[in-house]
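# Structural characterization, general
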Amino acid sequence: MADETPRSSANPRGDRVLDAGALRALAHPLRVKIYDILSQYGPQTASSLAERLGESSGSTSYHLRALAKHDLIHEVDGRGSGRERWWERPKGGVSFANAEAIKTPSGRAATQIVMGEFFKLRQEQLMQFIDRGLAEEEEEWQEGSMISTATARLTPEQSEELSRNIMALIDDAVDKYRNQTGANVRPVTIRADLFPLPELED
């Protein structure tokens, strides 16, 4: 499975930085959902996506082609037929932080839409886990999950160092277990948020 992490900070690993055209192509709520499902669950068809999303296969097929036009996804080699094409995310991380794109109003708007939709989906998944996971998940999965928040007082340099350390840990796990299969293996979302809080008014 591809590394689905949407990086929005420094890019030490050489992740693909989406250009303005790719950001605009992705800047649609349904396309972000399609992209996210392919990232988290692997290859899908227009029909399987339509069933998951409550859309028509004609609609999902149209959006798949729009994403493919900008190399955000591609067909799976040797799988499916002309009627039932399988699509997947390319391997590797992706960064939404394109310094050139956000200099223009359209690029900035596209970036905000993509990041807003992506993290809205992540927040929905978190709330679903809180609602059902605490009661319905097996104990071993409850023990293996983590929801945590903390506050520290840092300089920009210390914040950057902490960001690098956290991402190194996450990257190591993704590299090690990216293609793992077998009993009790499930997709796991890993989320790390680190950003400065606004100053309080006097």
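On a predicted model such as this, the values are computed, not experimentally measured, just so you know.

Taken as a whole and judged by the stated rule, the model has two aromatic pairs. Pairing Phe96 with Phe118 gives two aromatic rings, centres 6.2 Å apart and planes at 75°, and the pair type is edge-to-face. Linking Phe96 in the loop between strand S6 (94–95) and helix H5 (105–136) with Phe118 in helix H5, this pair joins segments that are 22 residues apart in sequence. The exposure class assigned to Phe118 is buried, which follows from its relative accessible area of 6%. Note on Phe118 and Phe119: the rings are 5.2 Å apart at their centroids and 80° apart in plane angle, and the pair reads as edge-to-face. The class of Phe119 is partly exposed, set by a relative accessible area of 28%. Chaining the aromatic ring pairs together yields one cluster made of Phe96, Phe118 and Phe119.

With that settled, the discussion passes to a negative patch on the surface. Together, Glu138, Glu139, Glu140 and Glu143 give the surface a local cluster of negative charge. With respect to the secondary-structure elements, Glu138 resides in the loop between H5 and helix H6 (139–143).

A surface patch of nonpolar side chains, amounting to about 350 Å² of accessible area, comprises Met127, Ile130, Leu134 and Ile147. Here Met127 is to be found in helix H5.

Conventions we followed
Residues numbered from 1 in each chain as written. Predicted model: local features only at pLDDT ≥ 70, side-chain atom pairs only at ≥ 80, totals over all residues. Heavy atoms only, no water. Phe/Tyr/Trp six-rings, centres within 6.5 Å; stacked < 30°, edge-to-face > 60°. Helix = DSSP H or I, 4+ residues; strand = E, 2+ residues; numbered from the N terminus. Buried < 20%, exposed > 50% of the residue type's maximum accessible area, 1.4 Å probe, protein only. Patch = residues over 30% accessible without salt bridge, like charges linked within 9 Å, V, L, I, M, F, W, Y side chains within 5 Å. Areas by Shrake-Rupley, 256 points an atom, 1.4 Å probe, with all protein chains shown as cover. Salt bridge = Lys/Arg side-chain N within 4 Å of Asp/Glu carboxyl O. Lys, Arg positive; Asp, Glu negative; His and termini not counted. Charge placed at Lys NZ, Arg CZ, Asp CG, Glu CD.

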